[in-house]
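# Structural description and commentary
The residues making up each chain are set out below.
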Amino acid sequence: MATLLLRLLFLLGWPAAMLLTRAAADASFPINVWPKPVSMSWAEPYTAVPVSPSFHVVAPSGNPYLASAAERYAKLLVTERYRPVVGPAVTVNAGAPLAKLTVAVSDLAAPLQHGVDESYTLEVLPAGGAATVTAVTAWGVMRGLETFSQLAWRAGHGRGREVLLVAAGVRVEDRPLYPHRGLMLDTGRTYFPVSDILRTIDAMAANKMNVFHWHITDSQSFPIELPSEPQLAEKGAYGEDMRYTVKDVKRIVEFAMSRGVRVVPEIDSPGHTASWAGAYPEAVSCAGQFWLPGGDWNNRLAAEPGAGQLNPLAPKTYEVIANVVNDLTSLFPDGFYHAGADEVTPGCWHADPTIQAALDRGATLSQLLERYVSAVHPLVVARNRTAVYWEDVLLDAAVNVSASAIPPATTILQTWNNGPNNTKLIVQAGYRAIVSSASFYYLDCGHGDFVGNNSIYDDPNSDFETEGGSWCGPYKTWQRVYDYDIAYGLTADEARLVIGGEVAMWTEQVDTTVLDGRVWPRASAMAEALWSGNRDATGRKRYAEATDRLIDWRNRMVGRGVRAEPIQPLWCRSRPGMCNAVQ
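Residues numbered from 1 in each chain as written. Predicted model: local features only at pLDDT ≥ 70, side-chain atom pairs only at ≥ 80, totals over all residues. Heavy atoms only, no water.

Applicable threshold: UniProt positions are given in the numbering used here, feature names are shortened, and annotations may be inferred rather than shown by experiment.
The protein appears in an unreviewed UniProt entry as Beta-hexosaminidase from Panicum virgatum. The Sequence similarities (unreviewed entry) field of the UniProt record for the protein holds the comment "Belongs to the glycosyl hydrolase 20 family." Taken verbatim from the UniProt record of the protein, the Catalytic activity (unreviewed entry) comment is "Hydrolysis of terminal non-reducing N-acetyl-D-hexosamine residues in N-acetyl-beta-D-hexosaminides."

Below you can see the structure in the form of structure tokens.
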């Protein structure tokens with residue numbers, strides 16, 4: 001067998017020694033991993049070994065998710081056709097081909113939950129023959145298996161001349177900086193088939209992201225079928241073929257579990273609930289009305305079309321929301337429940353006669369919101385969940401609640417406005433924070449506004465503004481995403497309350513045809529920044545060094561069926577450094 005491999009490698013044209021001279025201490029390896037590991041060493045001269053056609057992963061029994069991951073990665077390794085644009089400069093060791101990878105786990109039963117240990121150690125011996133992944137939990141093993149899969153590539157051309165190689169003499173010691181590394185997908189504005197969601201979760205796992213924040217409903221539609229409240233989907237979904245059944249939800253949750261990804265459900269309320277009005281018109285204020293009467297933003301009934309939010313004085317509101325919370329916490333096992341509470345619009349409640357009468361008697365809008373939140377929060381906590389809210393519930397200037405209604409011990413706030421300033425306000429108030437700053441992490445920004453009959457375009461200079469017609473413009477490039485430090489401006493004690501971040505894919509202008517390109521590889525940029533950071537060992541931002549690695553990773557993702565958009569022409573990758581702004 002060894003002689004046959006030597007002959008094959010000779011036919012491939014591999015010279016006896018192909019060495020890469022590293023230009024700097026933090027330079028990339030010939031084959032790299034995304035996200036970059038915290039610590040990775042590759043003995044020089046860089047070597048690779050062939051992978052046996054019978055390669056397999058040996059994993060302990062007792063955890064079905066680990067077993068499926070082992071089988072999946074063994075298959076991926078031998079079937080993936082990835083070829084780097086720039087051929088790796090390595091020495092090929094034609095000794096014993098790598099036939100197996102052995103897994104060792106300390107705690108097979110550790111559940112997938114916030115803060116679970118995702119650390120791992122990966123080692124591929126210099127002469128091949130053996131590779132190991134060692135981790136505390138099955139979820140750490142999955143991260144290690146992904147890293148291992150990215151150390152392999154195809155070389156040679158033509159029938160019988162191709163060989164699968166894997167880097168040898170490699171040791172990786174790795175763990176994430178932040179425990180919460182997520183993607184939020186909005187399925188309320190646009191319905192996405194289950195296949196799109198599964199593909200997105202699969203890509204998340206490949207990027208070592210671990211939280212799929214499912215923004216299920218919004219004013220535009222209510223696409224999830226709930227056992228206790230079937231009318232919400234019957235009257236609120238776009239159509240019968242645009243609903244998520246209980247079976248769909250279970251499939252998505254199990255698929256995500258098998259990839260070490262938690263699914264956090266969000267049913268936004270009391271705002272963004274116009275889609276509830278078909279089933280319960282008595283519980284929804286201002287439903288069906290034009291969202292911007294007279295074209296006056298100050299008198300708007302909603303942040304965008306369409307108008308409608310739950311009435312906190314209607315008894316039916318609390319009957320329905322109690323059923324919603326119970327159903328959602330039964331369908332989704334995760335310890336987080338996202339209760340929304342963003343963009344409660346004063347104009348909508350003012351337009352409701354029963355609410356206006358209460359205001360005339362001396363009540364305030366904030367008191368009404370607090371009445372609602374004070375009723376819902378205990379429902380969430382009683383189901384053994386931590387409640388997550390958008391920052392508005394505490395920080396909105398017009399309608400907000402007191403901290404007593406959302407105790408920090410049972411509450412996490414997700415920030416999206418005002419960049420690092422609002423993050424600081426949240427942690428200073430003692431809350432844990434998830435960072436989704438629109439200035440850095442909103443992937444929908446920069447595509448203009450979706451409202452029609454917009455007189456802004458009467459001004460010929462309107463498109464030359466930095467916003468480009470988008471409230472959160474300009475477009476957030478991968479470098480803008482990568483460059484953001486989510487604990488910027490915080491003290492060490494404050495930074496400890498930042499549990500991580502999420503990129504957000506709002507879908508007013510997104511459907512299945514463009515989903516992948518809008519998300520990837522920009523979400524990959526956040527994934528690395530939250531896994532191992534965006535700075536090198538000297539503290540310098542490493543986005544220049546990351547460019548070529550991200551191009552390679554994007555190409556690998558495309559080969560795996562993810563239609564990620566390109567970030568540079570092919571010319572740039574084949575001439576490293578020539579497309580940089582600074583050398």
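## Let's talk about helix α4 (residues 194-206)
Convention followed: Helix numbers and strand numbers start at the N terminus; a helix is a DSSP run of H or I with at least 4 residues, a strand a run of E with at least 2. Multiplying 1.5 Å by the residue count of a helix minus one yields the expected span of that helix. Exposure categories follow from relative accessible area, calculated using a 1.4 Å probe and restricted to protein chains: below 20% of the type maximum is buried, above 50% is exposed, and the middle band is partly exposed.
A rise of 1.5 Å per residue sets the reference length of α4, with its 13 residues, at 18 Å; its end C-alpha atoms lie 19 Å apart and thus fit the reference within 8%. For α4, a buried count of 10 out of 13 residues is recorded, marking the element as mostly surrounded by other parts of the structure. When we look at burial in α4, the residues that qualify are Val194, Asp196, Ile197, Leu198, Thr200, Ile201, Ala203, Met204, Ala205 and Ala206. Lys208, located one to two residues past α4, shows a positive phi value of around 60°.

## So, the packing of aromatic side chains
Quick note on the threshold: Note on ring pairs: Phe, Tyr and Trp rings are taken, using the six-membered ring of Trp, and paired if centres are within 6.5 Å. Classes follow the plane angle, with under 30 degrees stacked, over 60 edge-to-face and the rest tilted. We call a charge positioned above a ring when the Lys NZ or Arg CZ atom is no farther than 6 Å from the ring centre and deviates by at most 35 degrees from the ring normal.
Tallied over the entire structure, the rule returns 21 aromatic pairs. Look at Trp416 and Tyr442: their rings are 6.2 Å apart centre to centre, the planes differ by 0°, and that puts the pair in the stacked class. On the criterion of sequence distance, the pair formed by Trp416 in the loop between β15 (411-415) and α12 (419-428) and Tyr442 in the loop between α13 (438-441) and α14 (478-483) is long-range, its members being 26 residues apart. When the ring centre of Trp531 is taken as reference, the NZ or CZ atom of Lys208 above it lies at 5.9 Å. Here the guanidinium or amino end of Arg262 rests over the ring plane of Phe336, the centre of that ring lying 4.6 Å away.

## Considerations on the state of the cysteines
Such a bond, covalent and formed between the sulfur atoms of two cysteines, is termed a disulfide. Spelled out, the test is: When two cysteine sulfur atoms are found within 2.5 Å, that pair is recorded as a disulfide.
Summed over all chains, the structure comprises 3 disulfides. Covalent S-S linkage joins Cys445 and Cys472, the inter-sulfur distance amounting to 2.0 Å. Its S-S torsion of approximately -110° makes the covalent link between Cys445 and Cys472 left-handed. Here the residue Cys445 occupies a position in the loop between α13 and α14, and Cys472 occupies one in the loop between α13 and α14, the gap between them amounting to 27 residues. We classify Cys472 as buried; its relative accessible area is 6%. The disulfide that involves Cys572 links it to Cys579, with 2.0 Å between the sulfurs. Disulfide Cys572 to Cys579: torsion about the S-S bond roughly -75°, handedness left-handed. Numbered in order of appearance, the disulfide-bonded cysteines of the protein are paired 1-2, 3-4, 5-6.

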